[in-house]
Amino acid sequence: MEKIESFKVNHLVLEKGLYVSRRDYKDGLAVTTFDMRMTAPNREPVMDMPALHTIEHLSATFLRNCARKDEVVYFGPMGCRTGCYLLMFGELEPKDVYGLVIELCDFILNFVGDIPGAKAEECGNYLEQNLNMAKYYIARYKKSLQEEKNFVYKQNF
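Residues numbered from 1 in each chain as written. Predicted model: local features only at pLDDT ≥ 70, side-chain atom pairs only at ≥ 80, totals over all residues. Heavy atoms only, no water.

Caption draft 1: Focus on the sheet that holds strand 1 (residues 17–26). Read from one edge to the other, the open sheet built from four strands follows the order 1-2-4-3, with strand pairing classed as antiparallel. Both edges of this open sheet fall to strand 1 and strand 3 (72–77), since each of them pairs with a single strand only. Pairs of neighbouring strands in the sheet enclose a mean axial angle of 15 degrees, with direction left out of account. As judged from the nine bridges shared by strand 1 and strand 2 (residues 29–37), these two strands associate in the antiparallel manner. Residue Tyr 19 lies in a different strand from strand 2, and its bridge partner there is Asp 35. The strands touched by helix 1 (residues 49–63) are strand 3 and strand 4 (83–89); relative to strand 3, the strand with the most contacts, the crossing angle is about 170 degrees. Together, strand 1 and strand 2 form the strand contacts of helix 3 (residues 131–148), whose direction differs from that of strand 1 by roughly 85 degrees. (Pairing = 2+ DSSP bridges. Helix = DSSP H or I, 4+ residues; strand = E, 2+ residues; numbered from the N terminus. Axes fitted to C-alpha atoms, helices over the stretch in contact; angles between N-to-C directions. Contact = heavy atoms within 4.5 Å.)

Caption draft 2: How the structure looks around the environment of Glu 2. Looking at where Glu 2 falls in the secondary structure, it is placed in the segment before strand 1. Look at Glu 2 and you get exposed, because its relative accessible area is 69%. For the pair Glu 2 and Thr 33, spaced 31 residues apart in sequence, the C-alpha to C-alpha distance is 19 Å. (Buried < 20%, exposed > 50% of the residue type's maximum accessible area, 1.4 Å probe, protein only.)

Caption draft 3: View of the nonpolar core. In this structure, Ile 55 and Val 101 are the most contacted members of the largest nonpolar core, which totals 34 residues. Looking at this core, the elements that each hand over two or more residues are strand 2, helix 1, strand 3, strand 4, helix 2 (94–110) and helix 3. With eight residues, the single largest contributor to this core is helix 2. Those residues in contact with Ile 55 that sit more than four places away from it in its chain are Met 38, Met 47, Phe 75, Cys 84, Ile 108, Ala 134, Tyr 137 and Ile 138. (Core = buried A, V, L, I, M, F, W, Y, C linked by side-chain atoms within 4.5 Å.)

Caption draft 4: Local environment of the pattern of salt bridges. Taken as a whole and judged by the stated rule, the model has 10 salt bridges. Across the pair Asp 35 and Arg 37 runs a salt bridge, and its minimum N-O distance is 2.8 Å. A relative accessible area of 1% means that Asp 35 is categorised as buried. Look at Arg 37 and you get buried, because its relative accessible area is 3%. Linked through salt bridges whose partners overlap, the residues forming this network are Lys 16, Glu 44 and Arg 140. (Salt bridge = Lys/Arg side-chain N within 4 Å of Asp/Glu carboxyl O.)

Caption draft 5: Looking closely at the packing of helix 1 against helix 2. Their axes nearest at 10 Å, the elements helix 1 and helix 2 cross at an angle of 120 degrees. The orientation of helix 1 relative to helix 2 falls into the category oblique. Of the two possible hands of crossing, helix 1 and helix 2 adopt the one that is right-handed. Seen from helix 1, the contacting residues are Ile 55, Leu 58, Ser 59, Phe 62 and Leu 63; seen from helix 2, they are Leu 100, Glu 103, Leu 104, Phe 107 and Ile 108. Taken together, the residues of the contact of helix 1 with helix 2 sort by class into eight nonpolar, one polar and one charged. (Parallel < 35°, antiparallel > 145°, perpendicular 65-115°, else oblique. Left-handed = near helix turned anticlockwise from the far one by under 90°. Nonpolar A, V, L, I, M, F, W, Y, C, P; charged D, E, K, R; others polar.)

Keep in mind these values describe shape, not function.
Take a look at the structure:
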């Protein structure tokens, strides 16, 4: 079986950043998958589930309501809990979505109130939310994006 693209990235040297994970094409349409890596894999603790769940709810809400909502295909957490995937229509680079990701971070950092979609009738695990820890992880991620500007995978296998 062919190894998938994300398993070709050397996670021993992967840092927090915003990377192009892959591009897919169908009938002339491109979809770019961005790796929003929020923790350094295998070197920092993974994000806890309640915080990651809150990041997912708030990010999806922001992205489905922002000025670029028609370009958004999907947002969701990675199974390894070290980041999230953002899928956008178009053949894009990190610089093309950097501003959007910073706006997303600011939305989460400034969010006050009830988590959207966190009611029993709206979510299959509605009680597992943690806004304070979501803000902690997002603050660290935003700072690393602004300071380090990691936009290209350092080493693939």
